[in-house]
Amino acid sequence: FDLDNIYGSKINVLKELTRRLRENRNHLPLIHFVEDRYETLLNVIEHDRKLQLKIDQGVATEVEKMQSLSHVKLYLADWGYNTPGQRQQVVT
């Protein structure tokens, strides 16, 4: 893995990713987002659903359009702050 493209919770992830995405507006890289907190992953999914509605309705700002997760794959890690039941819910 290219260590310049791996981000963790101890690094200011959103600031750095936003900077990189603004630099590469014509080419959005595929991002793999791995989260170990089930509730956080659900919040990310819900936020993107609401944002996608605004985009579909044509009322999203340019900044909001850049925040779309259309180029992001979401994963729930099988370690950390989740249970086997929560992992099963993600699978189904």
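No experiment lies behind these values; they were computed from the predicted model shown.

### Re the overall build of the protein chain
Counting its secondary structure elements, the protein chain contains four helices and two strands. In the protein chain, which comprises 92 residues, the proportion classed as buried is 18%. Contacts in the protein chain between residues far apart in sequence, at least 24 positions, make up 59% of those at least 6 positions apart.

### Some details on the packing of aromatic side chains
On inspection of all chains with the given rule, the structure shows zero aromatic pairs. Here Arg-37 stacks its cationic end above the ring of Tyr-81, 4.4 Å away from the centre of that ring.

### Here's the deal with the environment of Ala-77
Structurally, Ala-77 is set in the loop between strand E2 (72-76) and helix H4 (84-91). Between the alpha carbons of Ala-77 and Glu-35 there is a distance of 5.8 Å; along the sequence they are 42 residues apart. Setting aside anything within four residues of it in sequence, one finds Ala-77 in contact with Val-34, Glu-35, Asp-36, Asn-82 and Arg-87.

### Quick word on a nonpolar patch on the surface
Together, Val-34, Tyr-75 and Trp-79 make up a nonpolar patch on the protein surface, roughly 320 Å² of accessible area in all. Relative to the helices and strands, Val-34 resides in strand E1 (residues 31-35). A residue is classified by how much of its surface remains accessible, and Val-34, at 47% relative accessible area, is partly exposed.

### A look at the pattern of salt bridges
A complete count under the given rule lists three salt bridges for this structure. Measuring nitrogen to oxygen at the nearest pair gives 3.9 Å for the salt bridge that ties Glu-46 to Arg-49. You can see Glu-46 and its partner Arg-49 sitting in helix H2 (residues 38-57), three residues apart, about one turn around the helix. For Arg-49, a relative accessible area of 53% puts it in the exposed group. Taking the shortest distance from any N to any O, the salt bridge between Lys-54 and Glu-64 comes out at 2.7 Å.

### Some remarks on H2
For the α-helix, the turn length of 3.6 residues means that residues three or four positions removed from each other point alike. When the terminal C-alpha atoms of H2 are compared, their 29 Å separation across 20 residues agrees well with the 28 Å that a helix rising 1.5 Å per residue should span. Within the sequence span of H2, burial applies to Tyr-38, Leu-41, Asp-48 and Leu-51. Down the axis of H2, the sector holding all buried residues measures 155°, keeping them to one side. When the buried face of H2 is taken as reference, the exposed residues oriented beyond 90 degrees from it are Asn-43, Arg-49, Lys-50, Leu-53 and Gln-57.

### A few points about the side chain of Glu-64
Mapped onto the elements, Glu-64 comes out in helix H3 (residues 62-66). Only 2.9 Å separates the side chain of Glu-64 from the backbone nitrogen of Thr-61, close enough to count as a polar contact. Residues in contact with Glu-64, not counting those within four places in the same chain, are Leu-51, Lys-54, Ile-55 and Val-59.

The rules we used
Residues numbered from 1 in each chain as written. Predicted model: local features only at pLDDT ≥ 70, side-chain atom pairs only at ≥ 80, totals over all residues. Heavy atoms only, no water. Helix = DSSP H or I, 4+ residues; strand = E, 2+ residues; numbered from the N terminus. Buried < 20%, exposed > 50% of the residue type's maximum accessible area, 1.4 Å probe, protein only. Contact = heavy atoms within 4.5 Å. Phe/Tyr/Trp six-rings, centres within 6.5 Å; stacked < 30°, edge-to-face > 60°. Lys NZ or Arg CZ within 6 Å of the ring centre and 35° of its normal. Patch = residues over 30% accessible without salt bridge, like charges linked within 9 Å, V, L, I, M, F, W, Y side chains within 5 Å. Areas by Shrake-Rupley, 256 points an atom, 1.4 Å probe, with all protein chains shown as cover. Salt bridge = Lys/Arg side-chain N within 4 Å of Asp/Glu carboxyl O. Expected span 1.5 Å × (residues − 1). Arc of directions from axis to C-beta. Polar contact = N/O pair within 3.5 Å; in protein donor to acceptor, adjacent residues only side chain to side chain.

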